[in-house]
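Below, each chain spelled out in residue letters.
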Amino acid sequence: MRRTARIAAGVGVAAAGAAVAVVAERAAFRRLRSGPDPEAGVPLEALPPDDLGPVRSFDGTELAVRAAGPVGAPVLVFCHGFSLDMTTWHYQWTAFSDRYRCVLFDQRAHGRSGKPPEDDYSVRAMGRDIRAVLDAVAGDAPAVLIGHSMGGMGILGFAERHPGEFGARVRGVVLADTTASDVLRQILGGVGTKIEEALRPLTRRFVQDPQRVQRIRGRISSVSDLSFALMRATNFGPAASPAQVEHLAAVAARTPAEVWVHTAADIRELDLRRALEHVTVPSLVVVGDRDLVTPRGAAESLRDALPDARAVVIARAGHVTMLERHEVFNQVLTRYLDEVLPPQRVGASGDGTP
């Protein structure tokens, strides 16, 4: 009887401890979400007004493409990062569409774009998508390519296949929080190589069964506190806006399992360093000083390898500088664009005539 009582008491203490832990955890999440948020109420989900899609890429993939700004003006093409969509560029297209034709698209299998009919989820395929978007919406107009994270890698994939575009139609390149190769090594140094080798068998299993990833992600996404905490910890700096974190967590939760399996595996093994020599136009490299995904060392490597590049470090920013510190990011981008792509005067007809 005494033994039963001791067991019952132990179970009760353990249950009480677990309950306290759950309460403490929820309180911590509430603190992360509470407090003044100047970004609350910003319509981050809003899309640019002009629907230019679907644009059909080289393999038949249908890309959702939107635009804002005067037709005939110089073109800014925005390429978003892994598991995100075009809405990550909200603060840029709303700020720059008075002077430039801002073109945004969802990467293949992301957002509103279709899945590739031939199951090509690679970053190099995304580089070819950029060519399709340029041909469809920019024509011969001068353009600047602006890529975040995987979007920047896609630009390098574009450079690898179409080097003649640089200095002709493409007048500038902005690479924000990105790298050209060795993602794990950039983050963890030599340890990253060992982790990469250890991950290969696991990656093969997931490639064979993408729905396993979907089930895992489903369990994480269903716990809103956990998905919020993961997004905040991996992509943002110390003063993150809860509204921005919530938005990106929701976007990432909608990304198909095939992207998390096939594209993630492709990024892990990607090496586009040789493509950097083809980016002969003036380039801007931007990185947050708290970026844990593609840290400052990755940005410095890009700057040193590009033929004509400068780098800017944005303080107190994580992996999504253009969102988290958008005012500073836009100031940096304005100065750069004024140099490489001066805005043309656009008449009332919107065709670029004075």
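Please refer to the structure higher up on the page.
In this report, we go over the structure that sits alongside the text. (Residues numbered from 1 in each chain as written. Predicted model: local features only at pLDDT ≥ 70, side-chain atom pairs only at ≥ 80, totals over all residues. Heavy atoms only, no water.)

Overview of the overall build of the protein chain
Then, number 1: Of regular secondary structure, the protein chain possesses 13 helices and 10 strands.
Then, number 2: When the 354 residues of the protein chain are sorted by exposure, 49% land in the buried category.
Then, number 3: Partitioning the contacts of the protein chain with sequence separation of at least 6, the portion at a separation of at least 24 is 78%.
Then, number 4: Accessible area of the protein chain: about 15,900 Å², with a carbon and sulfur share of 54%. (Helix = DSSP H or I, 4+ residues; strand = E, 2+ residues; numbered from the N terminus. Buried < 20%, exposed > 50% of the residue type's maximum accessible area, 1.4 Å probe, protein only. Contact = heavy atoms within 4.5 Å. Areas by Shrake-Rupley, 256 points an atom, 1.4 Å probe, with all protein chains shown as cover.)

What to know about the environment of Ser97
Then, number 1: You can see Ser97 is positioned in the loop between α2 (90-96) and β6 (101-105).
Then, number 2: What makes Ser97 buried here is its relative accessible area of 17%.
Then, number 3: The spacing of Ser97 and Pro70 is 27 residues in sequence and 7.3 Å in space, taken between C-alpha atoms.
Then, number 4: Beyond its immediate sequence surroundings of up to four residues, Ser97 is in contact with Ala68, Gly69, Pro70 and Cys102.
Then, number 5: There is a polar contact of 2.8 Å between the side chain of Ser97 and the backbone oxygen of Trp93. (Polar contact = N/O pair within 3.5 Å; in protein donor to acceptor, adjacent residues only side chain to side chain.)

Some details on the sheet that holds β6
Then, number 1: In spatial order, the strands read β1-β4-β6-β5-β7-β8-β9-β10; together these eight strands make up an open sheet with mixed pairing. A strand with exactly one partner marks an edge of an open sheet, and here the two such strands are β1 (50-51) and β10 (309-314).
Then, number 2: Here four bridges tie strand β8 (residues 170-176) to strand β9 (residues 283-288), and the two strands are oriented parallel to one another. Within β9, the residue paired with Val173 across the bridge is Ser283.
Then, number 3: The sheet strands contacting helix α3 (residues 123-137) are β4 (65-68), β5 (75-79), β6, β7 (143-148) and β8, and the helix crosses β6 at an angle near 140°.
Then, number 4: Along the sheet face, helix α4 (residues 150-161) touches β5, β7 and β8 and points at about 135° away from the line of β7. (Pairing = 2+ DSSP bridges. Axes fitted to C-alpha atoms, helices over the stretch in contact; angles between N-to-C directions.)

Some details on the side chain of His90
Then, number 1: Note that His90 resides in helix α2.
Then, number 2: Residue classification places His90 among the buried residues on the basis of a relative accessible area of 7%.
Then, number 3: The residues contacting His90, other than those within four sequence positions of it, are Val42, Pro43, Leu44 and Ala46.

Observations concerning the pattern of salt bridges
If the charged atoms of two oppositely charged side chains come close together, the side chains can form a pair.
Then, number 1: Within the structure shown, the criterion is met by 20 salt bridges.
Then, number 2: Two residues, Arg112 and Asp85, come together in a salt bridge whose shortest N-O distance is 3.4 Å. Linking Arg112 in the loop between β6 and α3 with Asp85 in the loop between β5 and α2, this pair joins segments that are 27 residues apart in sequence.
Then, number 3: Judged by its relative accessible area of 41%, Arg112 is partly exposed.
Then, number 4: Residue Glu258 is joined to Lys115 by a salt bridge in which the shortest nitrogen-to-oxygen separation is 3.3 Å. Linking Glu258 in helix α10 (residues 257-269) with Lys115 in the loop between β6 and α3, this pair joins segments that are 143 residues apart in sequence. (Salt bridge = Lys/Arg side-chain N within 4 Å of Asp/Glu carboxyl O.)

Quick look at the pairing of β6
Along any regular strand, the residues point their side chains to alternate faces of the sheet.
Then, number 1: Most of β6 sits inside the fold, with five of its five residues counted as buried.
Then, number 2: Residues Arg101, Val103 and Phe105 point to one face of β6 and Cys102 and Leu104 to the other, with burial holding for every one of them.
Then, number 3: Taken together, the four bridges between β4 and β6 define a ladder with antiparallel strand orientation. Its bridge partner lying in β6, Ala68 is registered against Cys102.
Then, number 4: At this point the chain moves from β5, through α2, to the parallel β6, and the crossover so formed is right-handed. (Right-handed = clockwise from strand over helix to strand, strands pointing away.)

Quick notes on the side chain of Glu324
Then, number 1: Relative to the elements of secondary structure, Glu324 occurs in helix α12 (residues 321-324).
Then, number 2: For Glu324, the side chain forms a polar contact with the main-chain nitrogen of Gly318, separated by 2.8 Å.
Then, number 3: Apart from residues no more than four positions distant in its own chain, Glu324 is found in contact with Asn235, Phe236, Gly237, Pro238, Ala240, Gln244, Arg316, Ala317 and Gly318.

A few points about the pairing of β7
Then, number 1: In terms of burial, β7 is largely enclosed, as six of its six residues are buried.
Then, number 2: Going residue by residue along β7, you find Ala143, Leu145 and Gly147 tucked away on one face and Val144, Ile146 and His148 tucked away on the opposite face as well.
Then, number 3: Where β5 lies against β7, five bridges are found, and the strand directions are parallel. Residue pairing across strands places Phe78 opposite Ile146, the latter belonging to β7.
Then, number 4: Taken together, the six bridges between β7 and β8 define a ladder with parallel strand orientation.

These results come straight from atomic positions and should not be treated as a statement about function.
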